[in-house]
Amino acid sequence: MGGEPPVGAGLAYYLSADPASLDPALSSDVQSGEMIALLFDNLVQFDTEGRLVPGLATRWESDRTGTAYTFHLRAGVRFHDGRPLDARAVRASILRALAPGSRAARQWPLLPIAGAREYAAGTARTVSGMAVPDDSTIRFTLTGPLNIFPTLLAMPVAAVVPDSTAPSFGQAPVGSGPWRFVSWRHDDALVFARNRRYWGGPPRADTLTVRIIPEAVTQAAEYETGNLSVVEIPFGETRRWELAHPDELQQRPAIRDLYIAMNTTRGPLRDLRVRRALNLAIDVETILRTQMAGRGVRAAGAIPPGIMGYDSTRAPYPWDTAAARRLLAEAGYPDGFRLQLWRNQRTELVRIAQAVQQDLARIGVSVEIVERDAPSVRAAVRNGRADLYLGDWYADYPDPENFSYPLFHSSNAGPGGNYAFLRDSTLDAMIIRVRSTPDTAEKARLAREIDGRVFGLAPWIFLWFPVDEWAMQPDVKGWRIPAVFTGQRWTQADRVR
Amino acid sequence: MRHFLLGRLALLVPTLAGVLAVTFLLLYVAPGDPVQAMVGERADSSTIARLRAELHLDDPLPLQFVRYVGGVVRGDLGTSYITRRPILDDLLERFPATLELAGAAMLFAAVTGISLGIYSAWRPGGLADRLGAVAAYLAVSFPVYWVGLLLILLFAVTLRWLPPSGARGPRYLILPALTLGMRSVAVVSRMTRAAMREMLGADFVRTARAKGLGEVRVVLRHAFRNALLPVLTVLGLDFGSYLTGSILTETIFSWPGVGRYVLTAIEKRDLPAIQGSILFLSVVFVLVNLLTDVLYAKVDPRVEY
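Please read these numbers as outputs of a predicted model, since none were measured by experiment. (Residues numbered from 1 in each chain as written. Chains lettered and ligands numbered in written order. Predicted model: local features only at pLDDT ≥ 70, side-chain atom pairs only at ≥ 80, totals over all residues.)

Asker: Break down the overall build of chain B for me, citing the residues and quoting the values.
Answerer: Within chain B, the secondary structure is distributed over 13 helices and zero strands. Considered along the principal axes of its C-alpha atoms, chain B spans approximately 85 × 55 × 30 Å. For chain B, the residues scored as buried account for 41% of the 305 residues in total. Considering only contacts in chain B between residues 6 or more positions apart, those separated by 24 or more positions represent 74%. (Helix = DSSP H or I, 4+ residues; strand = E, 2+ residues; numbered from the N terminus. Buried ≥ 20, exposed ≤ 12 C-beta atoms within 10 Å, placed from the backbone. Contact = placed C-beta atoms within 7 Å.)

As structure tokens, this is what we get:
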């Protein structure tokens, strides 16, 4: 796409990779999701703090069971090209995202709608669970009760697009969001201009340029030369930035887990005592302090602070090698055993894996580190070929469901995200209940119990919840690290001249 | 010459057929699944099965190969699994940036390397010659990645003379071109020096000097022209490799070229994009070699095809 992006004018952000597409239906990567949040609207959306707030829908309600949801749309919203946005456009967008043959890879947020799976598979002509009684109302019927359904509609795949789209829509999209598309030179930059007629009030800045900068050192150099408004601080660079730019830094605890999944179907890892021993053998506190500059909160479960169900009173596994050895001996492994730990090439994972390897060697567990590129690691882990997997879980939305159903429900063993292949029927039942109950108090109680049970079953070596750190230029105001990747829409940010 | 060109162009067909077959087979036995890369961290088995069917990944391998070759013969390199764009369009969008960078790097390498080489050969053992030798060893030894970052820190962050990265005009080209061309400067300067030393000691140079020709004319017109063939070989090979493999430089300097496209395709197991890129770059490499051969004949009348 043509057009030289203006450097130095307006705000400047960056992505570490070119987005795959700007078409919500085809969005499958974080980069696309971030850009789609600038260009489009959803019925509901996340604010910077990760709260679910009205988007195109001003209000919504569910029936008593949590199986049917009705959304009432804002009046007078128009797409950037002037076409009106109504409930029919919402329905058409969802049908488009589920269309058979679309090659869409991230349809899962829409699949709870009754008939969505059949439509996507090409066995039904429409999605039976969607109805549009009038221009400003859309009603969804689900296959079962699901209290997170409104949250799922805030995902990029559910963004609303015009009812007819050009073949090049993914390259030059038309949305209704706070920013209008101007240009996209692949692997170089995207340029957006503010939507002056935005229903939520136009963005403060005139333009937003999003550069594509893959290398972390180059990102830092661009920031330090004033070409970027904000930059993320790599963990290994924390101390330098805290010394050089202390007034420009801001932090936010990320809704992210850093963990080692133990394949509970392989060898000694089938034994709960072994899994607990491995948790006890690792000096997590020291690794966190020395490898991550202390930017993390020790994990005693999978649900991070700030998310419903987080239990601050639960203590993490202590570092106790003697207890770990005792447990191994009880399990019949007094002399230890050999394991493979798979990880990709990310710098911080390299260091953490080495530290874990050293700690486990002290209790006789010999760890072979297997380094591969990310797709190879993912394939091996999903196929159950890895004993241990060091990785992280980036939550799509801030809900306990996102830290239980994909990670530990038996139906998600492997590709779904349950890389420990944990199968526990009691836990499964609790997780299904936490997704379905319409009672918020019960949901909170269940979430806490689920996390406690997960901690006890030790399918992971629980490491920590990372803390994100970013720098913001002194002349930029109104920007905050978003809690969710789609939560920063750059409407309040501006340069102070 | 015409027969030579036609013959070489005809050889393109079996060469590319070989490249096509080998890449196809290698990619399908390599670990990693494109669909797993597409679906991200959270997927269900029905989505994976649907995508495999839509992308024809469950078809027998020979059928997939025949389908792919059929497309290539029609000039269709396929559609990217990830971006859903025609691969040829993606490559053609990025190739001008790669060509620009490779051209600038070669210009820098040729001018600097040849000048250094000629001067070193003309005054062997002098300070410039000795410094040139040390610099050449260093330039060949330093990793491109390290040099690139160092140049950014020095010229962009500390001195603020040049932009750190991007592709928005001639100023943006300087640092990546220096980084990419540095290794060629070293090789070309050493190669030129060796070839020039040989020529400057040859009988025809002594004759030229005896005839009373000026030193500049002797060195440049007589000795250098004859020393140019091996230098041209190095420049041709390096230019070909810059056009096809400047991945590191493009990544460090956020240069929107073909190298980064290939890297992303590999990272995401975008099989058609990898295949299409390799095929496209093979054509480029063969054509650059052909161009180098043609230049031989232009430079040296003794070379005939």
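After presenting the structure, the write-up continues.
Asker: Explain the overall build of chain A to me, using residue names and the numbers behind them.
Answerer: For chain A, the count of helices and strands is 14 helices and 20 strands. Here chain A has a C-alpha radius of gyration of 23 Å; the compact-globule value for 497 residues is 23 Å, and the two agree. Expressed as lengths along the three principal axes of its C-alpha atoms, the size of chain A is roughly 70 × 55 × 40 Å. In chain A, the proportion of contacts linking residues at least 24 apart, taken out of those at least 6 apart, comes to 71%. (Rg over C-alpha atoms; globule rule 2.2 N^0.38 Å.)

Asker: Explain the confidence of the model for chain B to me, using residue names and the numbers behind them.
Answerer: Residues and elements named next belong to chain B. Confidence in the prediction for chain B averages 89 pLDDT; 99% of positions are at 70 or higher. The secondary structure element of chain B with the lowest average pLDDT is helix α2 (residues 34-39), at 83, and the one with the highest is helix α7 (residues 144-158), at 95. Interface confidence in the predicted complex, given as ipTM, is 0.88; pTM for the same model is 0.91. (pLDDT = per-residue confidence, 0-100.)

Asker: Tell me about the interface of chain A and chain B, and please be specific about residues and values.
Answerer: Between chain A and chain B, the residue contacts involve 44 residues of the former and 45 residues of the latter. Within the residue set of the side of chain A that touches chain B, elements represented by two or more residues are α3 (116-120), β10 (207-212), α5 (216-224) and α11 (374-382) of chain A. The greatest single-element share of the side of chain A that touches chain B, amounting to six residues, is contributed by α11(A).

Asker: Please provide a residue-by-residue account of the packing of helix α6 (residues 127-141) of chain B against helix α8 (residues 170-200) of chain B, values included.
Answerer: Residue and element names in this part refer to chain B. Look at α6 against α8: their axes get within 8 Å of each other, and the N-to-C directions meet at 140 degrees. If you check the angle between α6 and α8, you find them oblique. Crossing hand, α6 versus α8: left-handed. Where α6 approaches α8, its residues Gly132, Ala136, Ala139 and Val140 are matched on the opposing element by Met182, Arg183, Val185, Ala186, Val187, Ser189 and Arg190. Each residue belonging to the contact of α6 with α8 can be placed in one class, and the counts come to seven nonpolar, two polar and two charged. (Axes fitted to C-alpha atoms, helices over the stretch in contact; angles between N-to-C directions. Parallel < 35°, antiparallel > 145°, perpendicular 65-115°, else oblique. Left-handed = near helix turned anticlockwise from the far one by under 90°. Nonpolar A, V, L, I, M, F, W, Y, C, P; charged D, E, K, R; others polar.)

Asker: Which residues make up the sheet that holds strand β7 (residues 137-141) of chain A, and what values do they have?
Answerer: Residue and element names in this part refer to chain A. Reading across the sheet, the four strands line up as β4-β5-β7-β6 and stay open at both edges, with antiparallel pairing between neighbours. Each edge of the open sheet is held by one strand with a lone partner, namely β4 (57-62) and β6 (130-134). Averaged over all pairs of adjacent strands, the angle between strand axes in this sheet comes to 20 degrees, irrespective of strand direction. (Pairing = 2+ DSSP bridges.)

Asker: Which residues make up the sheet that holds strand β8 (residues 179-185) of chain A, and what are the values?
Answerer: Residues and elements named next belong to chain A. Pairing is mixed across the open sheet formed by four strands, whose spatial order is β1-β10-β9-β8. The outermost strands of the open sheet, each flanked by one partner alone, are β1 (11-15) and β8. Strand after strand, the sheet turns through a mean of 20 degrees between neighbouring axes, direction not considered. Sheet analysis places β8 next to strand β9 (residues 189-194), joined by six bridges and oriented antiparallel.

Asker: Tell me about helix α4 (residues 61-73) of chain B, residues and numbers included.
Answerer: Residue and element names in this part refer to chain B. When the terminal C-alpha atoms of α4 are compared, their 18 Å separation across 13 residues agrees well with the 18 Å that a helix rising 1.5 Å per residue should span. Within α4, only one of the 13 residues are buried, which leaves the element largely exposed. Positioned one or two residues after α4, Gly75 has a phi angle of 85 degrees, which is positive. (Expected span 1.5 Å × (residues − 1).)

Asker: Tell me about the confidence of the model for chain A, and please be specific about residues and values.
Answerer: Mean pLDDT for chain A: 95, with 98% of residues reaching 70 or above. Between residues 1-8 of chain A, whose pLDDT stays under 50, and residues either more than four places distant or in other chains, the model counts 18 contacts.

Asker: Break down the pairing of strand β16 (residues 365-371) of chain A for me, citing the residues and quoting the values.
Answerer: Remark: a regular strand shows side chains that alternate across the two faces of the sheet. Residue and element names in this part refer to chain A. Direction of pairing for strand β15 (residues 337-343) relative to β16: parallel, over a ladder of seven bridges. Residue pairing for β16: Arg343 is matched across the bridge by Glu371. Following the chain from β15 across helix α10 (residues 347-361) to the adjacent parallel β16, one finds a crossover that is right-handed. (Right-handed = clockwise from strand over helix to strand, strands pointing away.)

Asker: Could you give an account of the packing of helix α1 (residues 2-29) of chain B against helix α13 (residues 271-299) of chain B, naming the residues involved and the relevant values?
Answerer: Residue and element names in this part refer to chain B. In the contact formed by α1 and α13, the axes pass within 10 Å of each other and the chain directions differ by 150 degrees. Judged by the angle between their axes, α1 and α13 are roughly antiparallel. In the crossing of α1 with α13, the sense of the turn from one axis to the other is right-handed. Contact with α1, carried on its side by Arg8, Leu12, Thr15, Leu16, Val19, Leu20, Thr23, Phe24 and Leu27, involves Leu271, Ile274, Gln275, Ile278, Leu279, Ser282, Val283, Val286 and Leu290 of α13 and no other residues of that element. Of the residues contributing to the contact of α1 with α13, the split by class is 13 nonpolar, four polar and one charged.

Asker: Describe unusual backbone geometry, and please don't skip the residues or the numbers.
Answerer: All names here are of chain B. Phi is positive for His56, which is not a glycine, with a value near 60 degrees. Within the secondary structure layout, His56 lies in the loop between α3 (45-54) and α4. The residue Arg160 is not glycine, and still its phi comes out positive at about 60 degrees. Within the element layout of this structure, Arg160 appears in the loop between α7 and α8. Accessibility expressed as a C-beta count within 10 Å gives 12 for Arg160, which makes it exposed.

Asker: I'd like a description of the pairing of β8(A), backed by residues and values.
Answerer: Most of β8(A) sits inside the fold, with five of its seven residues counted as buried. As consecutive antiparallel partners, β8(A) and β9(A) are separated by three residues, and within that stretch Asp187(A) has a phi angle of approximately 65 degrees, a positive value.

Asker: Please provide a residue-by-residue account of the environment of Val111(B), values included.
Answerer: Structurally, Val111(B) is set in helix α5 (residues 87-122). Sequence separation of Val111(B) and Pro176(B) is 65 residues, and the distance between their C-alpha atoms is 17 Å.

Asker: Got a sec to walk through the environment of Leu249(A)? Specific residues and values, please.
Answerer: All names here are of chain A. Tracing the backbone through its elements, the reader meets Leu249 in strand β12 (residues 249-253). Separated by 28 residues in the primary sequence, Leu249 and Ala277 place their C-alpha atoms 38 Å from one another. When neighbours within four sequence positions are excluded, Leu249 is seen to be in contact with Trp241, Glu242, Glu469 and Ala471.

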